[in-house]
Amino acid sequence: KRPAGAPDKALARKVTKVGIVGAGLMASQLALLFVRRLDVPVVLTDLDQERVDKGVGYVHAEIDKLLAKGRVNQDKANRLKGLVSGAIDKAEVFADVDFVIEAVFEEMSVKKSVFADVEKVVSPECILATNTSSLSITEMAADLEHPERVVGFHFFNPVAVMPLLEIVRGERTDDATLATAFATGRSLKKTTILVKDSPSFIVNRLLGRFMGEVGRIVDEGTPVPVADGAFAGVAPMPPFMLLSLVGPAIALHNNETLHRAFPDRFYVSPALERVVAARKSSYYGPDGGIDPEIEALQEKP
Ligand code: 3HC
């Protein structure tokens, strides 16, 4: 059955090679998903060789895990590893890609400049997908020569496990782009839904209310472990584990975007701002308990 709002799949273009901008954890998870499900060459790109090597190394290690679990055989594992490569200079490796997805820093100016650079080296029909979790697709595409090939393609952590893919149509996204996005999402074995180009789309807008309220409860004096414990058996993971999985900086950015759009409904936690300023990536220490430095950051300064 055709998902609501999806154009005729006959309009979809074939994806034969994928370019990924960024080689961080999200980008590497995307590389693994694309190579595994589409079985086409996937090139990860980033600003320096160390990041690129780390990204490709992650994908290879995850393919080894799939092999160990018997999800792929040795031949397939070897082929998939051979299909994943990395590069710093996009000009050559992106010349023949037909689908680019960016997973770089969640900042409009950064995403715009990435797409402006990519547009110089890809064919005019190449899809430019963004994994933005909150930003406007219309605005991201506005200054491009071909804004009609920009589409939101929003995955959830952990990418290999979470079934949903939010597909976002910008004001100028054309039907061929949207049809290709839906066909690709289906090939990736994700549940695709078309969502409006509004701040944080659907899931992160709902999560923003939930996480904002949890942040408020803790800011009012409830200790983090107590708030975490209150969700035992209710949510698939405790709220601060979810916050650590998503990344405090991304969660804060999401809340700020939503607060700007709907100031009366979304809360930006000062404690979360302190956690991000301290560059903490997780609420938990190596022993699995709440990191004592985080507890200290919860106190009012
Ligand atoms: N990375 C990769 N794979 C993972 C993983 C991770 N971080 N965590 C778990 N998995 C895999 C496991 O390897 C296992 O795979 P297998 O079946 O092949 O062996 C499978 O997931 C199940 O793992 P567990 O048995 O440990 O399962 P759990 O019951 O603990 O579930 C979970 C793990 C699915 C992550 C569950 O805790 C969950 O659903 N948590 C909520 C996640 C969520 O809400 N994500 C959305 C965040 S919002 C977001 O991402 C938006 C963005 O824009 C910020």
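Predicted model only: the values in this text are computed from it and were never measured. (Residues numbered from 1 in each chain as written. Predicted model: local features only at pLDDT ≥ 70, side-chain atom pairs only at ≥ 80, totals over all residues.)

## Regarding the pairing of strand 4 (residues 99-102)
Part 1: Burial along strand 4 is two-sided: Phe99 and Ile101 and Val100 and Glu102, pointing in opposite directions, are all buried.
Part 2: Bridging between strand 1 (residues 18-21) and strand 4 involves 4 bridges; their strand directions are parallel. If you follow isoleucine 20 over to strand 4, its bridge partner there is isoleucine 101.
Part 3: Pairing geometry for strand 4 and strand 5 (residues 127-130), over 4 bridges, is parallel. Paired with glutamate 102 across the two strands is threonine 130, which belongs to strand 5. (Buried ≥ 20, exposed ≤ 12 C-beta atoms within 10 Å, placed from the backbone. Helix = DSSP H or I, 4+ residues; strand = E, 2+ residues; numbered from the N terminus. Pairing = 2+ DSSP bridges.)

## Some words on the pairing of strand 6 (residues 150-154)
Residues in a regular strand point their side chains to alternate faces of the sheet.
Part 1: The buried count for strand 6 comes to 5 of 5 residues, which makes it a mostly enclosed element.
Part 2: For strand 6 and strand 7 (residues 164-169), the ladder comprises 4 bridges, and the chain directions are antiparallel. Residue pairing for strand 7: glycine 152 is matched across the bridge by valine 168.

## Quick word on the domain arrangement of the chain
Part 1: Partitioning the chain into structural domains gives domain 1 (9-195) and domain 2 (203-298).
Part 2: Placing the centre of domain 1 and that of domain 2 at their C-alpha centroids yields a distance of 28 Å.
Part 3: On the domain 2 side, the residues contacting the 7 residues of domain 1 number 8 residues.
Part 4: Counted by class, the side of domain 1 that touches domain 2 contains 2 nonpolar, 3 polar and 2 charged residues. (Domains from an automatic or database assignment. Contact = placed C-beta atoms within 7 Å. Nonpolar A, V, L, I, M, F, W, Y, C, P; charged D, E, K, R; others polar.)

## Things to note about helix 5 (residues 108-121)
Part 1: Between the first and last C-alpha of helix 5 there are 21 Å, a value that for 14 residues agrees with the 20 Å anticipated at 1.5 Å per step.
Part 2: Among the residues making up helix 5, those that are buried are Lys111, Val114, Phe115 and Val118. One side of helix 5 holds all its buried residues, which, seen down the axis, span an arc of 95°. Exposed side chains of helix 5 directed beyond 90 degrees from the buried face belong to Ser109, Ala116 and Lys120.
Part 3: Against strand 1, helix 4 (90-93), strand 4, strand 5, helix 6 (137-141) and strand 6 lie the buried residues of helix 5. (Expected span 1.5 Å × (residues − 1). Arc of directions from axis to C-beta.)

## Some details on the site of the ligand
Part 1: Around the ligand there are 15 residues in total, and Ser133, Phe156, Asn157, Pro158 and Pro236 lie nearest to it.
Part 2: Of all the secondary-structure elements, those providing two or more residues to the shell around the ligand are helix 8 (203-219) and helix 10 (239-246).
Part 3: Class assignment for the residues of the shell around the ligand results in 11 nonpolar, 3 polar and 1 charged. (Near = placed C-beta within 6 Å.)

## Here we look at helix 2 (residues 49-68)
Part 1: For helix 2, which comprises 20 residues, the first-to-last C-alpha distance of 28 Å matches the rise-based estimate of 28 Å (1.5 Å per residue) to within 8%.
Part 2: Along helix 2, the residues classified as buried are Gly55, Val56, Tyr58, Val59 and Ile63. The arc that holds every buried residue of helix 2, seen down its axis, measures 145°, which confines them to one face. In this structure, helix 2 carries Gln49, Glu50, Ala61 and Ala68 as exposed residues pointing more than 90 degrees from its buried face.
Part 3: Just downstream of helix 2 lies glycine 70, where phi reads positive at about 75°.

## Focus: the nonpolar core
Part 1: Counting residues in each nonpolar core, the largest one holds 57 residues, and the members touching the most others are Ile20, Leu30, Ala31, Val100 and Val151.
Part 2: With 8 residues, the top contributor of residues to this core is helix 1 (residues 25-38).
Part 3: Once residues lying within four places of it in the same chain are set aside, the contact partners of isoleucine 20 are Ala27, Leu30, Ala31, Val42, Val43, Leu44, Thr45, Ile101 and Ala103.
Part 4: Listed in part, the 15 residues of the second largest apolar core include Met211, Val224, Phe240 and Leu243. (Core = buried A, V, L, I, M, F, W, Y, C linked by C-beta atoms within 7 Å.)

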